[in-house]
Amino acid sequence: MFGKQRKETKTYGIIGMGRFGSSLTRELAKSGAEIIVLDRDEDKIRKARELTENAMVTNTLDKDVLRDTGIQNCDVVIVCIGSHMESSILTTLNLVAMGIPEVIAKATSPEHGEILKRLGAKVVYPEQDMAVRLANCLETSQVIDFIKLSEKVNISKLAVPKKLVGHTILEMNFRAKFGLNIIAIENNNEVIEYVRPEYMFREDDILIVSGSSESLIKLAEWEGR
């Protein structure tokens, strides 16, 4: 648990371990940041403990419970509660009242966001931002076709990024790096349905991949660097 001593790096509190909160925790953990994570779901907290030792189950989020966790000593606290607007608002109110330097709250609608903003929080709209990023990705990248199968899985057909040409799938660590599975590769009317790890990307390759919108964006942003 964080104390009140002077910290050399920023410390973060994350409340709510849904998709947004979990992704945020993973990315902050990669950067080596100190993190406190709170959620009422024991399974989610068990997974979070792989990333930070300061992961706690909290059934309520009143001021006393929040203080007991030490979250008031964080530099930034992000409220990632989306499905329960009342809980999101009350938690944000408590955090702002506790004097935390920066409180960021996830909003699910403009009305929700306006309330959070008036309470003194910075507001983010993850779903809206993701939609914008995906739209930009589809417009500016080499994506030829895009089929949304579910909230988490898409099938995309795209021209091979030039940065991949001359490298093997294994060498680029494709699946681990981007979170995309290569279903098949087309080249000069030839379709390779079983793509081996040692396959070397060629200039005219068309990749057919499956994965989340986040993964497709990750590849597009890597391509554009």
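Because the structure is predicted, anything quoted here is derived from the model rather than measured.

### Quick look at the side chain of Ser22
Step number 1: When you line up the elements, Ser22 lands in helix H1 (residues 19–30).
Step number 2: Of the polar contacts made by the side chain of Ser22, one reaches the backbone oxygen of Met17; its length is 3.1 Å.

### Some remarks on H1
Step number 1: Over its 12 residues, H1 extends 17 Å from the first C-alpha to the last, a length consistent with the 16 Å expected when each residue adds 1.5 Å.
Step number 2: Buried residues of H1: Gly21, Ser22, Thr25 and Leu28, and no others. Looking straight down H1, one finds that the buried residues subtend no more than 135° of arc, so they occupy a single side.
Step number 3: Buried residues in H1 make contact with strand S1 (11–15) and strand S2 (34–39).

### Comments concerning the nonpolar core
Nonpolar side chains in soluble globular proteins generally cluster together in the buried interior.
Step number 1: Ranked by internal contacts, the top residues of the largest apolar core, which has 20 residues, are Ile15, Leu38, Leu66, Ile71, Val77 and Leu95.
Step number 2: For this core, the secondary-structure elements that each account for two or more residues are S2, strand S4 (76–79), helix H4 (85–97) and strand S5 (102–106).
Step number 3: Beyond its immediate chain neighbours, meaning those up to four positions away, Leu38 contacts Ile14, Ile15, Gly16, Ile45, Met56, Thr58, Leu61, Leu66, Thr69 and Ile71.
Step number 4: Core analysis: the second largest hydrophobic core is formed by 17 residues, Leu164, Phe178, Ile185 and Val209 among them.

### Topic: the packing of aromatic side chains
Step number 1: Scanning the model with the defined rule gives 4 aromatic pairs in all.
Step number 2: Judged by centre distance (5.3 Å) and plane angle (65°), the ring pair of Phe174 and Phe178 falls under edge-to-face. In this pair, Phe174 and Phe178 are both assigned in helix H8 (residues 174–178), 4 residues apart and thus about one turn of the helix distant. Grouping residues by exposure puts Phe174 and Phe178 together as buried.
Step number 3: Seen from their ring centres, Tyr199 and Phe201 are 6.2 Å apart, and the 85° between their planes marks the pair as edge-to-face. An identical accessibility class is assigned to Tyr199 and Phe201; each is buried.
Step number 4: What links up through ring pairs into an aromatic cluster is the set Phe174, Phe178, Tyr199, Phe201 and Trp222.
Step number 5: Against the face of Trp222 rests Lys163, its NZ or CZ located 4.3 Å from the ring centre.

Conventions adopted
Position numbers for residues count from 1 along each chain, tracking the sequence in the order it is written. Note on the predicted model: pLDDT of at least 70 is required for a residue's local features to be given, and 80 or more for side-chain atom pairs to be given and counted; whole-chain, interface and lining totals, by contrast, use all residues. Computation of side-chain values: all heavy atoms of the structure, hydrogens and water removed. What counts as a helix is a DSSP run of H or I of at least four residues, what counts as a strand is a run of E of at least two, and both are numbered from the N terminus. Polar contact is the term for a pair of N or O atoms within 3.5 Å; when the atoms are in protein, one must be able to donate a hydrogen and the other to accept it, and sequence-neighboring residues count only if both atoms are side-chain atoms. Expected helix span is computed as 1.5 Å times (number of residues minus one). Summary of the burial criterion: residues with accessible area below 20% of their type's maximum are buried, those above 50% are exposed, and those between are partly exposed, where the area comes from a 1.4 Å probe applied to protein chains only. When we speak of the arc, we mean the arc of directions from the helix axis to the C-beta atoms. By the convention used here, residues are in contact when the closest approach between their heavy atoms is within 4.5 Å. Remark: nonpolar core denotes a set of buried residues (Ala, Val, Leu, Ile, Met, Phe, Trp, Tyr, Cys) joined through side-chain atoms within 4.5 Å. Between the rings of Phe, Tyr and Trp (Trp by its six-membered ring), a pair exists once the centres lie within 6.5 Å; its type follows the angle of the planes, with under 30 degrees stacked, over 60 edge-to-face, and the other angles tilted. Geometrically, a lysine NZ or arginine CZ counts as sitting over a ring once it is within 6 Å of the ring centre and also within 35 degrees of the ring normal.

By themselves these figures say nothing about function.
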